[in-house]
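As a plain string of letters, each chain reads:
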Amino acid sequence: MRDADRDPAMTCPDGSSGTDAVPRGDAVVAETLRARSGRIAHRWAETALFQAAYRDRREAAVEAAHRLVDALAEVAETGRCTDPRAAGFTRARPYLAEIAAARAMVGATASQVGLEVAELCEPLAALVRDHADARAAVAELMGTLRLVAMEAGAC
């Protein structure tokens, strides 16, 4: 198989593409976000970040969480989990700014919002716990999301 014909999401540690190829971690994360978007969005809507920002508007919290899941899936699909300029993060900035503004109205700092964003990591990490590369990609993705959220809250 020529390199140009090889699916970049399927590689072995040595770079080969045999039948035992394992998907890259970011590809696994993207697939998990897409396949489990509803479950993830509902779990995220229950976190302190979304509960505090949307209070008694459960459907609004779930909708906002869905938008964030979709944006992060886009980032993971492109393999740019550590690039805050990735299109998915750009798309997520307005949602994060809205959440940060709601949190700031009740006295939360950008650092507190960053800590609340960090809580979003666990539900996703639990879904990929058996794939070491995916766990690393989740950590990178969510760390960058935390940075983007803190930046959005500072603007």
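Look up: the structure comes first, before these words.
Colleague: Where do I start with the environment of Ala-60 in this structure?
Modeller: Relative to the elements of secondary structure, Ala-60 occurs in helix α4 (residues 58-78). Given the relative accessible area of 27%, Ala-60 is considered partly exposed. When the C-alpha positions of Ala-60 and Ala-45 are compared, they lie 8.8 Å apart, and in sequence the two are 15 residues distant.

Colleague: I keep staring at helix α2 (residues 37-45) and nothing clicks. Help me out?
Modeller: Side chains that are three or four residues apart share a direction in an α-helix, a result of its 3.6 residues per turn. Along α2, the residues classified as buried are Ser-37, Ile-40, Ala-41, Trp-44 and Ala-45. What you see down the axis of α2 is that its buried residues fit within an arc of 135°, all on one side.

Colleague: Looking at this structure, I do not really get the environment of Ala-132. What am I missing?
Modeller: Relative to the helices and strands, Ala-132 resides in helix α8 (residues 132-154). Separated by 107 residues in sequence, Ala-132 and Gly-25 have C-alpha atoms that sit 7.5 Å apart.

Colleague: Can you help me understand the pattern of salt bridges in this one?
Modeller: As a working rule, side chains carrying opposite charge can pair if their charged atoms are close by. Counting across every chain of the model gives ten salt bridges. The closest approach of N and O atoms between Glu-46 and Arg-58, which form a salt bridge, is 3.8 Å. Linking Glu-46 in the loop between α2 and α3 (48-54) with Arg-58 in helix α4, this pair joins segments that are twelve residues apart in sequence. With a shortest N-O distance of 2.8 Å, Glu-116 and Arg-103 are connected by a salt bridge.

Colleague: Sorry if this is basic, but what is going on with helix α5 (residues 87-104) here?
Modeller: Relative to the 26 Å expected for 18 residues at 1.5 Å per residue, α5 spans 26 Å between its end C-alpha atoms, a close match to the ideal helical length. In the structure, α5 departs most strongly from a straight axis at Arg-93, where the bend amounts to approximately 35° and where the proline Pro-94 lies between one and four residues downstream. Looking at α5, one finds that the buried residues are Gly-88, Phe-89, Ala-92, Tyr-95, Leu-96, Ile-99, Ala-100, Ala-102 and Arg-103.

Calculation notes
- Residues numbered from 1 in each chain as written.
- Predicted model: local features only at pLDDT ≥ 70, side-chain atom pairs only at ≥ 80, totals over all residues.
- Heavy atoms only, no water.
- Helix = DSSP H or I, 4+ residues; strand = E, 2+ residues; numbered from the N terminus.
- Buried < 20%, exposed > 50% of the residue type's maximum accessible area, 1.4 Å probe, protein only.
- Arc of directions from axis to C-beta.
- Salt bridge = Lys/Arg side-chain N within 4 Å of Asp/Glu carboxyl O.
- Expected span 1.5 Å × (residues − 1).
- Bend = angle between axes of the 7 residues up to and from the residue.

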